[in-house]
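# Descriptive structure summary
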Amino acid sequence: MSDDCIFCKIVAGQIPCRKIYEDDLVLAFHDINPVAPVHFMIIPKAHVASLAECDESHRAVLGHILLLAPRLARDLGLEDGFRTIINTGRGGGQEVFHLHVHVIGGAKPRPM
Ligand code: AMP
Ligand code: ZN
């Protein structure tokens, strides 16, 4: 756990969240400020600041998160597809420095 990390505090139960899924490695919860009808994020329970800080030791949890995304998206009704976003570093628009994968859907996505 990293002091002053809001997502570590959510993992520790010190800050509430609208939980979707949890296992030993990851936690999924709704974004507090959704940009679409469905907007949640999947995070590793163990603190890592961003994708840029990941190394070989994160391979399993990264794979786990990506395989979980379509499963949870389907569970939340996103039969037609969804967008995944990982903002990395200040240049990538990251605001919370605990790795998270956004899963977004339920509205027509803007083309990228
Ligand atoms: P990012 O720009 O990828 O770092 O996005 C951080 C995201 O975390 C934003 O979409 C916020 O709305 C979301 N967020 C911040 N605090 C919370 C919280 N306490 N619970 C749920 N989502 C949060
Ligand atoms: Zn953290």
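First things first, this report covers the structure right here in the doc. Remember, it's a predicted structure, so these values are computed and weren't measured experimentally.

### Observations concerning the coordination of the zinc ion (ligand 2)
- The protein atoms that coordinate the zinc ion (ligand 2) are Cys5 (SG), Cys8 (SG), His47 (ND1) and His98 (ND1), at distances of 2.0 to 2.3 Å.
- Around the zinc ion (ligand 2) sit four donor atoms; with metal-centred angles ranging over 106 to 116 degrees, the donor geometry is tetrahedral.
- Sequence spacing among the residues donating to the zinc ion (ligand 2) works out to C-x2-C-x38-H-x50-H.

### Description of the site of ligand 1
- Taken together, 16 residues sit near ligand 1, with Asp31, Glu95, Val96, His100 and His102 positioned nearest.
- Between an oxygen atom of ligand 1 and a side-chain N or O atom of Asn87, the distance comes to 2.9 Å.
- A distance of 2.6 Å separates an oxygen atom of ligand 1 from a polar atom in the side chain of His100.
- In isolation ligand 1 has 510 Å² of accessible area, and contact with the protein removes 86% of it.
- A breakdown of the residues in the shell around ligand 1 according to their chemical character gives seven nonpolar, seven polar and two charged.

### Describing the packing of aromatic side chains
- Applying the stated criterion to the full structure yields one aromatic pair.
- With a centroid separation of 5.4 Å and an interplanar angle of 85 degrees, the aromatic rings of Phe7 and Phe29 are classed as edge-to-face. Of this pair, Phe7 sits in helix α1 (residues 6–11) while Phe29 sits in strand β2 (residues 26–30), and the two are 22 residues apart along the sequence.
- What makes Phe29 buried here is its relative accessible area of 3%.

### Quick notes on helix α2 (residues 59–75)
- Compared with the 24 Å implied by 1.5 Å per residue over 17 residues, the 25 Å span of α2 between its first and last C-alpha is a close match.
- In α2, a bend of some 30 degrees at Leu68 exceeds every other bend along the element, and Pro70, a proline, comes one to four places later.
- Of all the residues in α2, the buried ones are Val61, Ile65, Leu68, Ala69, Leu72 and Ala73.
- Note on α2: the residue one or two positions beyond its end, Gly77, has a positive phi of about 95 degrees.

Definitions and cut-offs
- Residues numbered from 1 in each chain as written.
- Chains lettered and ligands numbered in written order.
- Predicted model: local features only at pLDDT ≥ 70, side-chain atom pairs only at ≥ 80, totals over all residues.
- Heavy atoms only, no water.
- Donors = N, O, S within 2.8 Å, 3.2 Å for Na, K, Ca; no water.
- Tetrahedral: all angles 85-135°; square planar, octahedral: opposite > 155°, others 65-115°.
- Near = heavy atom within 4 Å.
- Polar contact = N/O pair within 3.5 Å; in protein donor to acceptor, adjacent residues only side chain to side chain.
- Areas by Shrake-Rupley, 256 points an atom, 1.4 Å probe, with all protein chains shown as cover.
- Nonpolar A, V, L, I, M, F, W, Y, C, P; charged D, E, K, R; others polar.
- Phe/Tyr/Trp six-rings, centres within 6.5 Å; stacked < 30°, edge-to-face > 60°.
- Helix = DSSP H or I, 4+ residues; strand = E, 2+ residues; numbered from the N terminus.
- Buried < 20%, exposed > 50% of the residue type's maximum accessible area, 1.4 Å probe, protein only.
- Expected span 1.5 Å × (residues − 1).
- Bend = angle between axes of the 7 residues up to and from the residue.

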